[in-house]
Every structure is written in C-alpha cells, then in structure tokens.
Amino acid sequence: MSPDVPPPELSVPEGWRLVAEDFRTPLEVSVASIETSTRIYEDVDLRERLADVTGVETTWRFAFASRLRIRPRAPPSRALTRLVTDRAESKFEDVLRNRGFDGIARADSHRIDVGDATTSATRYRARVGVGGLDLPVEAFFAVWPAERDYLLGGGAYPLSLPEPEAFDAERGREELFSLIRSIR
C-alpha cells in the first residue's frame, strides 16, 4: 500500500473478514495521477454456512471501501465527481462479475447520508448461480467527495437463499448502508 493513500476504514460486523486489499495507480502521466486504495470484506460466516448447504463456495455478501486520490490535488467539483462516479460504476460492475454475479443491471438510485453529505447510491440487480439454482442479489454503489479525496463504497447481499436457509433482505440492505456510512 502506498503511504500516501491510506486505505479507507469501515466498521464491519462480527463474522465479516477482510478478504482483499489492493493499491493501484490506474492513471499516471507527467501532469497528473490517480491512485486508489481498496479493502474488500466478506460475510465469511454466511459463506461457510451456505457452503455446507449447497456444497459450493461462492460469494453471497460482501462490502468494499476505496479511497481515490487525484494528483495534483484539487477540490472536488460537480464535473469531476460525475466523471469519477461514471468510471467507477463501470468498474463496480466488473467487481460484481469477478465475484461470481451475472445478469447485472442498474435498477435505480437511493439517497444515502455519508459523513456530512448526502450522496446517491446506485442499486443493481444481479443473480448468483449455485448448484442449479439462480438466486437474486441486490447491490449498491456510491461515490462521494471527502476532503480532497473521493470515497467509494458498496457491496451486495442475497435477496433469497437456498432452502432451508433464510435471509432478511431488508436487514441486509440496512447493514450494507450502515457499512457504507461507516467508511472514513
């Protein structure tokens, strides 16, 4: 990790584990650079419980937090925030695919309070295929300025699970929003 771009912090519930940490410089030219630092967490308890039921190890529920820093540093603007959001949303769809989700489609957006600001979280619908089952998943992604950086957060959770397991999707959404709100 670059000491210049500290990884974002977030409060994860018991049973969640850090599963990946990444630092990237997706753009570096003589006059500017973009650096990102990302942490991905997964509900390992749910993964293990469902592996026993389905016989398949797959991602059911995860959350991530990223810090994006643009150099030279400049205060965020509406145009820059829109550009960061547009580019990051397409990358989030890649993250969903890489974690085993398919049928990914943007559904709508929700307002969410983060720190001292309110931002828009884009909702996605997707599917996860496990052992002949095709189960629905919901995901959210948000971007907001924080001082002179941008914070990005999101994740996914199941809307239903294979029998005999159950999952409260409303609670899953609230927990994901709570994780996003905790990003610092």
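Here the structure is a predicted model, which is why all the values come from computation and not from measurement. Note on numbering: residues in each chain are counted from 1, in written sequence order. It should be noted that, the model being predicted, local features are given only for residues of pLDDT at least 70 and side-chain atom pairs only at 80 or more, the latter also being counted only at that level, while totals for whole chains, interfaces and linings use all residues. Values shown for side chains rest on all heavy atoms present in the structure; no hydrogens or waters enter the calculation.

Visitor: Could you clarify how one ought to interpret the pattern of salt bridges in this entry?
Guide: Any two side chains of opposite charge can pair, given that their charged atoms come close. Salt bridges are counted wherever a side-chain nitrogen of Lys or Arg sits within 4 Å of a carboxyl oxygen of Asp or Glu. Enumeration over the complete set of coordinates arrives at 24 salt bridges. Note that Arg61 and Glu175 form a salt bridge whose closest N and O atoms lie 2.5 Å from each other. With Arg61 in the loop between helix H1 (44–54) and strand E3 (62–71) and Glu175 in helix H3 (residues 169–181), this pair connects stretches of sequence that are 114 residues apart. The closest approach of N and O atoms between Arg173 and Glu138, which form a salt bridge, is 2.9 Å. In this pair, Arg173 sits in helix H3 while Glu138 sits in strand E6 (residues 133–146), placing the two residues 35 residues apart along the sequence. The helix count covers DSSP runs of H or I at least four residues long, the strand count covers runs of E at least two residues long, and both are numbered beginning at the N terminus.

Visitor: Would you mind going over the packing of aromatic side chains with me for this structure?
Guide: Each aromatic ring pair is described using two quantities: the centre-to-centre distance and the angle formed by the ring planes. Centre distance within 6.5 Å is the pairing criterion for rings of Phe, Tyr and Trp, where only the six-membered ring of Trp is used; planes under 30 degrees apart are then read as stacked, over 60 as edge-to-face, and the remainder as tilted. The tally for this structure, following the rule as stated, stands at six aromatic pairs. Relative to Phe141, the ring of Phe92 lies with its centre 5.1 Å away and its plane at 25°, an arrangement referred to as stacked. Of this pair, Phe92 sits in helix H2 (residues 78–98) while Phe141 is found in strand E6, placing the two residues 49 residues apart along the sequence. The buried category is assigned to Phe141, whose relative accessible area is 2%. Charge over a ring is defined by NZ of Lys or CZ of Arg lying within 6 Å of the ring centre and within 35 degrees of the ring normal. Against the face of Phe62 rests Arg99, its NZ or CZ located 5.0 Å from the ring centre. When accessible area is computed with a 1.4 Å probe and restricted to protein chains, residues below 20% of their type maximum are described as buried, those above 50% as exposed, and intermediate ones as partly exposed.

Visitor: I keep staring at the sheet that holds strand E5 (residues 117–130) and nothing clicks. Help me out?
Guide: The strands that make up a sheet are held in pairs by hydrogen bonds between backbone atoms, and each pair lies either parallel or antiparallel. Pairing between two strands is assigned when DSSP locates at least 2 bridges connecting them. With antiparallel pairing, seven strands are arranged side by side in an open sheet as E1-E2-E3-E7-E6-E5-E4. Two strands bound the open sheet, and with one partner strand each, they are strand E1 (16–29) and strand E4 (101–114). Taking each pair of neighbouring strands and ignoring which way they run, the sheet shows an average axis angle of 15°. Two elements, E5 and E6, share 10 bridges in a ladder whose sense is antiparallel. Bridging across to E6, Val128 finds its partner in Leu135. By the convention used here, residues are in contact when the closest approach between their heavy atoms is within 4.5 Å. Here the axes come from fitting lines to C-alpha atoms, over the contacting stretch only for helices, and the angles between their N-to-C directions go from 0 to 180 degrees. Contacting E3, E4, E5, E6 and strand E7 (149–158), H2 crosses the sheet at an angle of about 155° to E6.

Visitor: Help me understand the pairing of E7 in this model?
Guide: It is a general feature of regular strands that their side chains alternate between the two faces of the sheet. Most of E7 sits out of view: 10 of its 10 residues are buried. Neither face of E7 is left uncovered, since the one carrying Asp149, Leu151, Gly153, Gly155 and Tyr157 and the one carrying Tyr150, Leu152, Gly154, Ala156 and Pro158 both have all their residues buried. Relative to E7, E3 is paired through seven bridges, and the arrangement is antiparallel. If you follow Ala65 over to E7, its bridge partner there is Gly153. Summarising the sheet, E6 and E7 pair through 10 bridges and their orientation is antiparallel. When the bridges of E7 are listed, Glu138 appears paired with Tyr157. Connecting E6 to the antiparallel partner E7 that follows it, the hairpin turn spans two residues, and Glu147 within it adopts a positive phi of roughly 55°.

Everything listed here is a matter of coordinates, which is why it stays silent on function.
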